[in-house]
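Spelled out, the chains give:
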Amino acid sequence: MIKTKTVESGDGVLTRQVACWIRKSAVVTIVIALFAMAALAPGVRAQIATADIVGTVTDASGAVIPAAKVVATGIETGLAYPGQSAADGNFDLTQLPVGHYRLTITKEGFKTFNVADVGVTIGERLRQDVKLEIGAASQTVEVQAEGVQLQTDSATVQSTIEEHQVQDLPLEGRNFAQLVQLVPGATDYVGGTFSNGNALDDRRRGSAVSVNGFLGTENNFMIDGMDNNERFIGTTVVKPSIEAIGEVKVITNTFSAEMSRANGAGVSFITKGGSNQLHGSAFEFFRNQALDARLPMLAYTAPKQATRQNNFGASVGGPIKKNKTFFFGDFESYLLYSGALATSTVPLQGEAAGDFTGIAASSSVAQVVIYDPLTTAACATCSSKFTRTPFPNFMIPQSRIDPIAAKILSTFYPLPNQMGVAGGAGASVGPGNFLLANNYIFDPARDQHDNTMDERVDHRFSDKDSFYARYSFNHTTTISPPSLPIVTPGFDPGSSNYTVQSNDNAQLNNVYTINPRMVLLTQASYSRWSNDATGGGYRVNEGQKLGIPGVNNDGRFGRWAFAEFTDVYAIESEFNKLVTGATA
């Protein structure tokens, strides 16, 4: 399926193709999985949104214990995730939401074994071997915690930024992309990219990160285990609020099939859900020109550039029904009003009318001479082999100036406001010691409103069936000012632009435990990327106003505008089975 990206300009309409990706049909996948489950080998899958707890149950002599009941109970939610050891003693609790669990193992004739707090992070495959002691089930062996173990059940090279790091680390603009830069081999990408916040295609805070020397567009972004990539410019579709991010996993080598489209890094982040405790947050961060240092190129008498940055929001999560249904939601707004100092070259007073009196080429030349091009004649004795006659009094006659050119000079450009240093070596100055080049400084403001929202509901139908739904969106409006002021209404000489960007992502996820050794995951997501941008002077027939015939007559008139969108549909199902005799 193909969508299109259309670009309008004064020269016509340009169309770019943007792929709309459909990964798999859930119905077909589920049917195949159900019919083939008996033949499936145990899946040691690289988790990208959940975690596993695996282990082997043995007795004091080291003999394996089959059919032991294994239950992981969420400490914050109270939800139980049951499992059972196979004939070889191995158990595999898969598709566990990231968090902390109380692990309980019971078997008739043995004491109950409890691990008070087992924490698992995104993508982790934690091994927790258990040695049961002979005794009554009413007797309990309590293990408070165990030391950090080496990761022996996965070869993936990865780093995890945990929830406390996400919440506590200082981030400029609360931009999640800076978290990715914490991992070894990652750095801010300063090369040309559409996702650095300065391109028309994506005006949001930049998300370009270079990992292991690859380009900033060569990463794969996942949200809650599903696709989160814009396919045309290689950036992220939705950027959730820091308040909504539970953990971030960055894979830098040995990619699994789910992350294999990445050359640089596979970046997977999960969103928060609610718990049995009502909790929330509220925040406000700000900065302004009073707190900022002066720009080095700013004259000491000039005021500081206007800067106002406000970043505020709130989040709340808790139970709808204890131990069964939970909610979480957040809203964040980022408002930026900042100066955008620009230096330009504009005509000196009198130049537009053809008067070059008093304009010097350098400190050693008192007056620049303006020659009449129509008087060009051959000159055998001249080094250049040609000669021309100067205009009288260093002035171009009004009859020789094209009226359209005169109108452009008088309509588009203000008078210079940047003083030069008279008599400097090589300096070109005019009346009042204005420099001929870089003689105008303009300090307009860039205005951006960026709103983010995330909403999630988790529900437990039964001990075998868990479900959640999430919706996230970003809406960004950016006004980029021109490099020169608009002298005459309808004429924009400095290429201002106005962009409206809307990004959406919705996801459904269901985990069904068929029996203690069989788990079926089904999930679906939809992402929408939409961006509309217009340049200053759009739909203004500048050619007609200036008196230039035959241009901008196609109905769109001058300048440019474009609209782009990408739709991504993803439907997946995954079947996990622990087979007797296999190694977990």
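What counts as what
- Residues numbered from 1 in each chain as written.
- Predicted model: local features only at pLDDT ≥ 70, side-chain atom pairs only at ≥ 80, totals over all residues.
- Heavy atoms only, no water.
- Pairing = 2+ DSSP bridges.
- Helix = DSSP H or I, 4+ residues; strand = E, 2+ residues; numbered from the N terminus.
- pLDDT = per-residue confidence, 0-100.
- Contact = heavy atoms within 4.5 Å.
- Axes fitted to C-alpha atoms, helices over the stretch in contact; angles between N-to-C directions.
- Phe/Tyr/Trp six-rings, centres within 6.5 Å; stacked < 30°, edge-to-face > 60°.
- Lys NZ or Arg CZ within 6 Å of the ring centre and 35° of its normal.
- Disulfide = S-S within 2.5 Å.
- Buried < 20%, exposed > 50% of the residue type's maximum accessible area, 1.4 Å probe, protein only.
- Core = buried A, V, L, I, M, F, W, Y, C linked by side-chain atoms within 4.5 Å.
- Lys, Arg positive; Asp, Glu negative; His and termini not counted.
- Salt bridge = Lys/Arg side-chain N within 4 Å of Asp/Glu carboxyl O.
- Polar contact = N/O pair within 3.5 Å; in protein donor to acceptor, adjacent residues only side chain to side chain.

Asks: With reference to specific residues and values, describe the pairing of strand β29 (residues 445–462).
Replies: For a regular strand, side-chain orientation follows a simple rule: the groups alternate between the two sheet faces. The pairing of strand β24 (residues 325–339) with β29 spans 15 bridges and is antiparallel. Bridge assignment links Leu335 to a residue of β29, and that residue is His449. Bridging between β29 and strand β30 (residues 465–480) involves 15 bridges; their strand directions are antiparallel. Looking at β30, one finds that Ser462 is bridged to Asp465. Where β29 folds back on β30, the antiparallel hairpin that results is connected by two residues.

Asks: Please set out the confidence of the model for the chain residue by residue, giving values where relevant.
Replies: In this model, the chain carries an average pLDDT of 79, and 80% of its residues clear a pLDDT of 70 or more. Low pLDDT, under 50, characterises residues 1–46; the predicted model gives this stretch 107 contacts beyond four residues in sequence or across chains. Low pLDDT, under 50, characterises residues 421–427; the predicted model gives this stretch 13 contacts beyond four residues in sequence or across chains.

Asks: Residue-level account of unusual backbone geometry, with values.
Replies: Although it is not a glycine, Asn212 adopts a positive phi angle of roughly 55°. Along the chain, Asn212 falls in the loop between β15 (209–211) and β16 (220–223).

Asks: So, the sheet that holds strand β8 (residues 99–106): which residues are in play, and what are the values?
Replies: Here five strands make up an open sheet; going across it, the order is β6-β5-β8-β9-β12 and the pairing mixed. Bordering the open sheet on either side are β6 (80–84) and β12 (140–143), each of which pairs with just one other strand. Put simply, the sheet's adjacent strands are angled 20° from each other on average, direction ignored.

Asks: Go over the packing of aromatic side chains with me, naming the residues and quoting the values.
Replies: For the structure on display, the rule yields eight aromatic pairs. Relative to Phe221, the ring of Phe176 lies with its centre 6.3 Å away and its plane at 80°, an arrangement referred to as edge-to-face. Of this pair, Phe176 sits in the loop between α2 (163–168) and α3 (177–180) while Phe221 sits in strand β16, and the two are 45 residues apart along the sequence. Summarising the aromatic geometry, the rings of Phe412 and Tyr413 are spaced 6.4 Å apart at their centres and angled 85° between planes, so their arrangement reads as edge-to-face. Each residue in the set Phe176, Phe221 and Phe269 is aromatic and connected to the rest through ring pairs, giving one cluster. Of note, Arg308 hangs over the ring of Tyr337, and the distance from its end group to the ring centre comes to 4.2 Å. Over the ring of Tyr81 we find Arg460, and its NZ or CZ is 4.7 Å from the ring centre.

Asks: Please set out the state of the cysteines residue by residue, giving values where relevant.
Replies: Counting across every chain of the model gives one disulfide. Two residues share a disulfide in this structure: Cys379 and Cys382, whose sulfurs sit 2.1 Å from each other. Looking down the S-S bond of the Cys379 and Cys382 bridge, the torsion is 70°, so its handedness is right-handed. Taking the relative accessible area as the measure of exposure, Cys379 reaches 13% and is therefore buried.

Asks: Could you give me a rundown of the nonpolar core, with the residues and numbers involved?
Replies: Buried together is how nonpolar side chains tend to be arranged in soluble globular proteins. Counting residues in each nonpolar core, the largest one holds 26 residues, and the members touching the most others are Ile53, Val57, Leu93, Leu103, Ile105, Phe113 and Leu132. The biggest single contributor to this core is strand β9 (residues 112–120), with four residues. Every residue in contact with Ile53, bar those within four places of it in the chain, is listed here: Phe91, Asp92, Leu93, Leu96, Leu103, Val118, Val120, Leu126 and Gln128. If you look at the next biggest cluster of nonpolar residues, it comprises 22 residues, including Val166, Phe176, Ile242 and Val267.

Asks: Explain the side chain of Asp454 to me, and be specific about the residues and the numbers.
Replies: Mapped onto the elements of the fold, Asp454 is located in strand β29. Buried Asp454, no salt bridge; nearest opposite-charge side chain is Arg470, N-O distance 5.4 Å. A polar contact is formed between the side chain of Asp454 and the backbone nitrogen of Ser241, at a distance of 3.4 Å. Ignoring any residue separated from it by four or fewer positions in sequence, one finds Asp454 in contact with Pro240, Ser241, Ala244, Phe328, Gly329, Asp330, Tyr471 and Ser472.

Asks: Describe the pattern of salt bridges, and please don't skip the residues or the numbers.
Replies: With the rule as written, the count across this model stands at 16 salt bridges. Here Glu243 makes a salt bridge to Arg174, at a shortest N to O gap of 2.9 Å. Within this pair, whereas Glu243 is found in the loop between β19 (235–236) and β20 (245–253), its partner Arg174 is found in the loop between α2 and α3, the two being separated by 69 residues in sequence. Two residues, Arg204 and Asp202, come together in a salt bridge whose shortest N-O distance is 3.0 Å. Accessibility expressed as a relative area gives 2% for Arg204, which makes it buried.

Asks: An account of the pairing of β9 is needed here, citing residue identities and associated values.
Replies: Of all nine residues in β9, seven are buried, a share of seventy percent or more. Examined bridge by bridge, β8 and β9 share six bridges and lie antiparallel to one another. Of the residues in β9, the one forming a bridge with Tyr101 is Val118. Hairpin remark: β8 followed by β9, antiparallel, with five residues in the connecting loop; positive phi at Gly109, about 90°. Bridge analysis of β9 against β12 gives four bridges, and the strand direction is parallel. Within β12, the residue paired with Asn114 across the bridge is Glu142.

Asks: Could you give me a rundown of the environment of Ala86, with the residues and numbers involved?
Replies: Inspection of the secondary structure puts Ala86 in the loop between β6 and β7 (90–96). Separated by 20 residues in sequence, Ala86 and Pro66 have C-alpha atoms that sit 5.2 Å apart.

Asks: Give a detailed account of the environment of Leu521, specifying residues and quantitative values.
Replies: Residue position: Leu521 is located in strand β32 (residues 518–535). Separated by 53 residues in sequence, Leu521 and Glu574 have C-alpha atoms that sit 5.0 Å apart. Those residues in contact with Leu521, other than ones at most four positions away along the chain, are Gln95, Asn509, Asn510, Val511, Glu572, Ser573 and Glu574.

Asks: Could you give an account of the side chain of Lys272, naming the residues involved and the relevant values?
Replies: Topologically, Lys272 is positioned in the loop between β21 (266–271) and β22 (279–288). Its relative accessible area of 15% is what places Lys272 among the buried residues. Among the polar contacts listed, one links the side chain of Lys272 to the backbone oxygen of Glu243, at a separation of 3.2 Å.

Asks: Quick rundown of the environment of Ser315? Include the residues and the values.
Replies: Take Ser315: it is sitting in strand β23 (residues 307–321). Taking C-alpha positions, Ser315 is 5.6 Å from Gly329, a pair spaced 14 residues apart along the chain. Each residue touching Ser315, except ones within four places of it in the same chain, is listed here: Glu243, His279, Gly280, Ser281, Phe328, Gly329 and Asp330. Of note is the side chain of Ser315, whose polar atom sits 2.6 Å from the side chain of Ser281.

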